Amino acid sequence: PQAARPPAPIRSAAIKTGAARFTGPSSPLSPFPVGIYVCIRGFAVIGEVSVVQDRVRAARALGTGVGLVVAGALPAFLTAALAHRIRADFAFGDSAVGLAVGLFYAVCASVSTPCGRVVDRIGATVSIRVAAASTAISGVALATLAQSAPALIALLLVGGLGNAMAGPAVSALLRRKVVGHRHGLAFGAQQAGAPLGALLAGLALPVIAIPLGWRWAFAGNAALAVAVASIAPAAPASGVANAAGAR
């Protein structure tokens, strides 16, 4: 009688992970059940999905941070860039312009440290929304209610509060959502927000203020602040994060 042939080896599809390649039962790992390889592949896919999600969150955090810094800095830049257009509606001389911009940054400097403590208590995401709300309220009010230099200065100071909150809030968000070896890139982009705001304020004159009116430039900044707040990723307060880490 003809001798029975031994069964052909089972060949399974190659299963790749980040650092190794498993070929199934025909490999040196054949004593393990096929289910082991399926589990390994499943964990690898989950890991890849997690990495993609982390990158998306980091990109959202970076976009939120840069956008909020731009929106927070724009009120003062717009006031200086559009001063001669504002004078068509009411008296707004050079001294008033200097006073408005100076008081704006005086408010930012005086309340930035207290705002940092608030960020630690309520979290980066809530702080970003508070900063964006302050900036948006200031922008809408400047666009609709500013009928004199004192009124414009007072409404501009509301935006100064938003700018003061934006700095520590964005820093806290980037520190939590961006991996450590990319912090330099993230914080560098954050610092570019203020010069970018100055650039946009200059462009607002020919693009918005001349054809539509200076008030629409402040309204546009309010819309930018709302859009930035809507894409902010969730980030817990420092106290909540520290408690979770202690566990």
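Residues numbered from 1 in each chain as written. Predicted model: local features only at pLDDT ≥ 70, side-chain atom pairs only at ≥ 80, totals over all residues. Heavy atoms only, no water.

Student: Honestly, the packing of aromatic side chains in this entry has me stumped. Any pointers?
Tutor: We describe a pair of aromatic rings using the distance from one ring centre to the other and the angle between the two ring planes. This structure, assessed with the given rule, holds 4 aromatic pairs. Each ring, one from Phe 90 and one from Trp 214, has its centre 6.3 Å from the other, and the planes form 80 degrees; the classification is edge-to-face. On the criterion of sequence distance, the pair formed by Phe 90 in the loop between α2 (83–86) and α3 (94–122) and Trp 214 in helix α8 (residues 214–230) is long-range, its members being 124 residues apart. Like Trp 214, Phe 90 is buried. With a centroid separation of 5.9 Å and 90 degrees between ring planes, the pair formed by Trp 214 and Phe 218 is classed as edge-to-face. You can see Trp 214 and its partner Phe 218 sitting in helix α8, 4 residues apart, about one turn around the helix. What makes Phe 218 buried here is its relative accessible area of 1%. (Phe/Tyr/Trp six-rings, centres within 6.5 Å; stacked < 30°, edge-to-face > 60°. Helix = DSSP H or I, 4+ residues; strand = E, 2+ residues; numbered from the N terminus. Buried < 20%, exposed > 50% of the residue type's maximum accessible area, 1.4 Å probe, protein only.)

Student: What exactly am I supposed to notice about the nonpolar core here?
Tutor: The nonpolar side chains of a soluble globular protein tend to be buried with one another. Ranked by internal contacts, the top residues of the largest apolar core, which has 31 residues, are Leu 78, Leu 82, Phe 92, Leu 142, Leu 152, Trp 214 and Phe 218. Mapped onto this core, the elements with two or more residues apiece are α1 (34–81), α2, α3, α4 (124–144), α5 (149–177), α7 (193–212) and α8. Apart from residues lying up to four places away in sequence, Phe 218 is in contact with Pro 75, Leu 78, Thr 79, Leu 82, Gly 139, Leu 142 and Ala 143. Membership of the second largest hydrophobic core comes to 27 residues, among which are Leu 68, Val 119, Ala 222 and Ala 232. (Core = buried A, V, L, I, M, F, W, Y, C linked by side-chain atoms within 4.5 Å. Contact = heavy atoms within 4.5 Å.)

Student: Can you help me understand the side chain of Arg 215 in this one?
Tutor: By secondary structure assignment, the location of Arg 215 is in helix α8. Among the polar contacts made by the side chain of Arg 215, one reaches the main-chain carbonyl oxygen of Leu 142 at a distance of 3.4 Å. Aside from chain neighbours lying at most four places away, what touches Arg 215 is Asp 89, Phe 90, Leu 142, Ala 143, Thr 144, Ala 146 and Gln 147. (Polar contact = N/O pair within 3.5 Å; in protein donor to acceptor, adjacent residues only side chain to side chain.)

Student: Where do I start with a nonpolar patch on the surface in this structure?
Tutor: The grouping of Leu 196, Leu 199, Leu 200, Leu 203 and Val 207 at the surface amounts to a nonpolar patch, some 420 Å² of accessible area in total. Mapped onto the fold, Leu 196 is located in helix α7. Residue Leu 196 is classed as partly exposed on the basis of its relative accessible area, which comes to 34%. (Patch = residues over 30% accessible without salt bridge, like charges linked within 9 Å, V, L, I, M, F, W, Y side chains within 5 Å. Areas by Shrake-Rupley, 256 points an atom, 1.4 Å probe, with all protein chains shown as cover. Salt bridge = Lys/Arg side-chain N within 4 Å of Asp/Glu carboxyl O.)

Student: Please explain the packing of α4 against α8 as it appears in this structure.
Tutor: Any two packed helices are characterised by how steeply their axes cross, that is the angle between the axes, and by the distance between the axes. Running from N to C, α4 and α8 cross one another at 160 degrees; their axes reach a closest spacing of 8 Å. Regarding the angle of α4 to α8, the classification is roughly antiparallel. In the crossing of α4 with α8, the sense of the turn from one axis to the other is left-handed. Contacts between α4 and α8 involve Arg 129, Ala 132, Thr 135, Ala 136, Gly 139, Val 140, Leu 142, Ala 143 and Thr 144 from the first element and Trp 214, Arg 215, Phe 218, Ala 219, Asn 221, Ala 222, Ala 225, Val 226 and Ala 229 from the second. Partitioning the contact of α4 with α8 into residue classes produces 12 nonpolar, 4 polar and 2 charged. (Axes fitted to C-alpha atoms, helices over the stretch in contact; angles between N-to-C directions. Parallel < 35°, antiparallel > 145°, perpendicular 65-115°, else oblique. Left-handed = near helix turned anticlockwise from the far one by under 90°. Nonpolar A, V, L, I, M, F, W, Y, C, P; charged D, E, K, R; others polar.)

Student: Even after reading the chapter, I still don't get the confidence of the model for the chain, so can you show me in this structure?
Tutor: As a note on interpretation, predicted positions should not be read in detail where pLDDT is low. Here the chain averages 81 in pLDDT, and 73% of its residues register 70 or above. Segment residues 10–27 is flagged for pLDDT under 50; beyond a separation of four residues in sequence, or across chains, it makes 28 contacts in the model. (pLDDT = per-residue confidence, 0-100.)

Student: What is the right way to look at the state of the cysteines in this model?
Tutor: Covalently bonding the sulfur atom of one cysteine to the sulfur atom of another cysteine gives a disulfide. A full pass over the atoms with the stated rule returns 0 disulfides. Cys 108 takes part in no disulfide bond, and the closest cysteine sulfur, belonging to Cys 115, lies 9.0 Å away. Overall, Cys 108 belongs to the buried group, its relative accessible area being 8%. (Disulfide = S-S within 2.5 Å.)

Student: Looking at this structure, I do not really get the pattern of salt bridges. What am I missing?
Tutor: Pairing is possible between side chains that carry opposite charge, provided their charged atoms lie close to one another. Under the criterion given, the structure shown has 2 salt bridges. Put simply, Arg 87 and Asp 94 hold a salt bridge, and the shortest N to O gap is 2.7 Å. The class of Arg 87 is partly exposed, set by a relative accessible area of 35%. Between Asp 89 and Arg 215 there is a salt bridge, and its shortest N-O distance comes to 3.4 Å. Residue Asp 89 is found in the loop between α2 and α3, and its partner Arg 215 is found in helix α8; the two are separated by 126 residues along the sequence. The buried category is assigned to Arg 215, whose relative accessible area is 18%.

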